[in-house]
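# Summary of structural features
The lines below spell out each chain.
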Amino acid sequence: MPPNPGPGRESMAEQGGSLRIDAVLARAALSEPGREALVYCGKSWTYAQVYDRACRLAGALARLGIEKGERVAFWAENRPEFAEVLFGVPMLGAIASPLNHWWTWSEATVALEQIRPKVLIVGGKAGAAVAEHQDRLGAVGIEHVVCLERPPGVTAFPLYEDLLESAARLGTPVPATARDPALILFTSGSTGRPKGAVHTHGSLVAGAALMALELGLHDGERTLHFLPLFTSCLEHLIPLTLMRATHIVLPQFEAAAVWAAIQAHEVTHFDAVPTTLRRLLEGAPTVIPKSLRLVSYASEAMPPALITALLQRMPEVQFVQFYGMTEQLCLTIQSASDQLRKLGTVGRPMLGAGLRIVGADDKEVSAGESGEIVARGPTLFAGYWQDEAATAQIVRGG
């Protein structure tokens, strides 16, 4: 990949006027063009190179006819191209939608039928599934399939790298406001049927800024990704790009590989869930790498015995817990100093989050009583994709 000097000040100015998610990457490339941005399987890319590739992806998609408001789906395991899609698609005013890479074709179809993406970018097992069901692509609105690598026996679909190589960089980003949708993440919640949670440019940038602030992220972190990117992009990929971090991407979680990557790449931070933390504790090396300073975690209740054991084994590492959901990420934060002092809790409300605990009548319960957490704030999603009824069930009064 040829080096690129990165975005000029003119292109950054053209992205101004409102909060846009693609400006997060543009800012990093403008201020730190030569900093290592992505590391994957022995290869690395600078921020200037990643921004150039995102602009070329936007140019290629424009050539395929993608317009403002249309959807581009990404269906693959953890790959560096995920970042290019996440930041490149919104340059067109279009909407990126990563899919669960563990889904079968029939499971993915439920989501695809809802968002009807004009372009589907696939890799790994998903590529083989798409190749097997080529005759059904039109039924879910797919006009173009782009492959990260060619599935066996398939020659009809263009390769992602070929598309970028032949594409011109998108010049001026398509105008977008903070209220325009930029990302659809699928969540099944309690219903079992995936619903597309729509996030806007504004909610994504607000979430990134709040997570960076509340987690205590440093500029230039070296962060490790092993959680699925289709679930962790909100609390990990976007905030860390805002902090111009180096992203080391692992295809999947494996405890020995995580510890090896932390040592080899001098990782300072990673995001986890209690289940992966338990396995990392079980496989921890005799000496914890000195570079590691911060671990953020969420997703499930933290067993008191586990966090106690983690802090005993890694006393120099700060553990910070947060609580949220796909629909509204930044709700509460439990600081490193409160991990043992407030066992079994999820901390205090984050900046900008208004929380109440209510009963079945939507009135606040008294101290000591059980209830449901309701919240509002700047990171609230815009609703479920084309599902006003489902949105109305959970969003009332903001």
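Please refer to the structure placed before this passage.
Just so it is clear, the model here is predicted, and its values are computed rather than measured. (Residues numbered from 1 in each chain as written. Predicted model: local features only at pLDDT ≥ 70, side-chain atom pairs only at ≥ 80, totals over all residues. Heavy atoms only, no water.)

### A closer look at the overall build of the protein
Threshold: Where helices and strands are cited, they refer to DSSP runs of H or I of at least four residues and of E of at least two residues respectively, numbered from the N terminus. Radius of gyration: C-alpha atoms only; globule rule: 2.2 Å multiplied by the number of residues to the exponent 0.38. Three labels apply to residues, based on accessible area from a 1.4 Å probe with only protein chains included: buried if under 20% of the type maximum, exposed if over 50%, partly exposed otherwise in between. It only takes one pair of heavy atoms within 4.5 Å for two residues to be counted as in contact. Accessible surface is estimated by sampling points in the Shrake-Rupley manner with a 1.4 Å probe; for residues, cover comes only from the protein chains shown. Here Asp and Glu are counted as negative and Lys and Arg as positive; His is not counted, and neither are the chain ends. Charge placement uses NZ in Lys and CZ in Arg. For Asp and Glu, CG and CD serve respectively.
Looking only at helices and strands, the protein features 13 helices and 18 strands. For 398 residues, the compact-globule estimate of 2.2 N^0.38 gives 21 Å, and the protein sits close to it at 21 Å. Counting the 398 residues in the protein, one finds 55% classified as buried. For the protein, the share of sequence-separated contacts (at least 6 apart) that also reach a separation of at least 24 residues comes to 69%. Accessible surface computed for the protein: about 17100 Å², of which carbon and sulfur atoms make up 53%. A gap of 3 Å separates the mean positions of the 34 positive and 40 negative side-chain charges of the protein.

### Digging into the packing of aromatic side chains
To describe a pair of aromatic rings, you give the distance between the ring centres and the angle between the ring planes. This is how the line gets drawn: Working definition: a ring pair exists when centres of Phe, Tyr or Trp rings (six-membered ring for Trp) sit within 6.5 Å. Plane angles under 30 degrees give stacked, over 60 give edge-to-face, the rest tilted. Throughout this description, the term charge over a ring refers to an Arg CZ or Lys NZ atom that lies within 6 Å of the ring centre and within 35 degrees of the ring normal.
Tallied over the entire structure, the rule returns seven aromatic pairs. The interplanar angle of 85 degrees and the centroid separation of 5.6 Å between the aromatic rings of F74 and F82 together place this pair among those described as edge-to-face. The residues F74 and F82 share a single accessibility class, namely buried. With a centroid separation of 5.0 Å and an interplanar angle of 65 degrees, the aromatic rings of F381 and Y384 are classed as edge-to-face. Pair check on accessibility: F381 and Y384 agree, each one buried. Grouped by ring-pair contacts, the aromatic residues F226, F253 and F270 constitute a single cluster. Sitting above the plane of the Y384 ring, K195 keeps its charged end 5.1 Å from the centroid.

### A word on the pattern of salt bridges
Threshold: Salt bridge criterion: a side-chain nitrogen from Lys or Arg within 4 Å of a carboxyl oxygen from Asp or Glu.
The final tally for this structure, using the stated rule, is 17 salt bridges. With a shortest N-O distance of 3.4 Å, R35 and E32 are connected by a salt bridge. The shortest N-O distance in the salt bridge between R396 and D362 comes to 3.6 Å. One end of the pair, R396, is in the segment after α13 (388-394); the other, D362, is in the loop between β16 (354-358) and β17 (372-376), and 34 residues separate them in sequence. Through salt bridges that share partners, E32, R35, D219 and R244 make up one connected network.

### Points about the pairing of strand β11 (residues 269-272)
Cut-off, in case you're wondering: By definition, two strands form a pair when at least two bridges between them are found by DSSP. Look down the strands so they point away from you; if going from the first strand over the helix to the second traces a clockwise path, that crossover is right-handed.
Neither face of β11 is left uncovered, since the one carrying H269 and D271 and the one carrying F270 and A272 both have all their residues buried. As paired strands, strand β9 (residues 222-225) and β11 are joined by two bridges and run parallel to one another. Paired with T223 across the two strands is H269, which belongs to β11. For β11 and strand β12 (residues 294-297), the ladder comprises four bridges, and the chain directions are parallel. The residue of β12 that forms the bridge with A272 is Y297. Tracing the backbone out of β11, into helix α11 (residues 274-282) and back to the parallel element β12 gives a crossover that is right-handed.

### Digging into the sheet that holds strand β10 (residues 246-249)
Spatially, nine strands are ordered β2-β1-β10-β9-β11-β12-β13-β14-β15 in an open sheet, and the strand pairing comes out mixed. Whereas interior strands pair on both sides, the edge strands pair on one side only; in this sheet they are β2 (43-46) and β15 (348-349). Relative to strand β14 (residues 328-334), strand β13 (residues 318-325) is paired through four bridges, and the arrangement is antiparallel. Note that in β14 the partner of M325 across the bridge is Q328.

### Examining the pairing of β12
Both faces of β12 are covered, namely the face carrying L294 and S296 and the face carrying V295 and Y297. With four bridges connecting them, β12 and β13 associate as parallel partners. Counterpart to S296 in the pairing with β13 is V320. A crossover links β12 with its parallel partner β13, the connecting element being helix α12 (residues 304-313), and its sense is right-handed.

### Looking at the environment of I142
Positionally, I142 belongs in the loop between α6 (125-132) and β6 (144-147). The exposure class of I142 is buried, given its relative accessible area of 7%. Taking the C-alpha atoms as reference, I142 lies 31 Å from V395; in sequence the two are 253 residues apart. With residues near it in sequence (within four places) discarded, I142 still touches L112, P117, K118, L120 and L137.

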